Amino acid sequence: VFKVVLEQFKKSILALEMFEDTCYCYIASDMNKQAEELADKCIARDDFDDLRKANFWCIKGDIHNSVEFYETAWELSNKRHARSMRSLGALFVHLKRYDEAASALRNALDLNHLQPGTWFAHGCASLVCGDYKGSAKSFRRCVTLGIRLV
């Protein structure tokens with residue numbers, strides 16, 4: 001479905017400079033090579049600020065499940081890009097590196113505390129690490145924000 005839509009609206013999407021959305025469509029269509037090529041072109045653009053370029057480093061991180069790409073996005077943004085830390089935290093959870101996951105997720109929450117899913121992931125990582133106080137705080141925040149997990 002994404003491939004058909006992408007082909008039909010490719011010129012319009014690119015004319016509107018919806019490059020991130022185009023990359024996500026490519027990824028959803030198993031067209032990772034095209035997504036990475038577009039991300040690389042956007043990273044090389046002089047008219048994009050570092051915060052926007054960080055989005056494309058995260059897209060590359062999504063494609064390759066790469067810690068390095070998320071860390072590059074974080075550093076490029078002067079530690080202002082919450083998405084890079086959310087994605088890095090999720091990758092660390094997947095890799096069972098829970099201490100690092102809790103730290104990355106905490107960085108993301110320091111920038112954007114209205115992310116119930118991130119509070120939940122932080123709570124889980126903290127629980128596994130034995131940080132019961134931090135875990136309880138994170139799960140309370142989930143309840144406060146009204147997260148629906150089921």
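It should be noted that the structure appears before, not after, this text.
Residues numbered from 1 in each chain as written. Predicted model: local features only at pLDDT ≥ 70, side-chain atom pairs only at ≥ 80, totals over all residues. Heavy atoms only, no water.

Caption draft 1: Main features of the packing of aromatic side chains. Within this structure, the stated rule accounts for 4 aromatic pairs. Where Phe19 meets Phe48, the ring centres are 5.9 Å apart and the plane angle is 50°; that geometry is what we call tilted. Of this pair, Phe19 sits in helix H2 (residues 19-28) while Phe48 sits in the loop between helix H3 (32-44) and helix H4 (50-64), and the two are 29 residues apart along the sequence. For Phe19, a relative accessible area of 7% translates into the label buried. By way of ring pairs, the aromatic residues Phe19, Phe48 and Phe56 are connected into one cluster. Over the ring of Phe48 we find Arg52; its NZ or CZ atom is 4.2 Å from the centre of that ring. (Phe/Tyr/Trp six-rings, centres within 6.5 Å; stacked < 30°, edge-to-face > 60°. Helix = DSSP H or I, 4+ residues; strand = E, 2+ residues; numbered from the N terminus. Buried < 20%, exposed > 50% of the residue type's maximum accessible area, 1.4 Å probe, protein only. Lys NZ or Arg CZ within 6 Å of the ring centre and 35° of its normal.)

Caption draft 2: Spatial organisation of the nonpolar core. By size, the foremost hydrophobic cluster in this structure holds 30 residues, and its most contacted members are Cys23, Phe56 and Leu88. Among all residues touching Cys23, those that are not within four sequence positions of it are Ala35, Leu38, Ala39, Phe56 and Ile59. (Core = buried A, V, L, I, M, F, W, Y, C linked by side-chain atoms within 4.5 Å. Contact = heavy atoms within 4.5 Å.)

Caption draft 3: Highlighting unusual backbone geometry. Here Glu17, not a glycine, exhibits a phi torsion of approximately 60°, which is positive. Examined against the element boundaries, Glu17 turns out to sit in the loop between helix H1 (2-15) and H2. Accessibility expressed as a relative area gives 35% for Glu17, which makes it partly exposed. If you check the backbone angles, Asn78 has positive phi at about 55° while not being a glycine.

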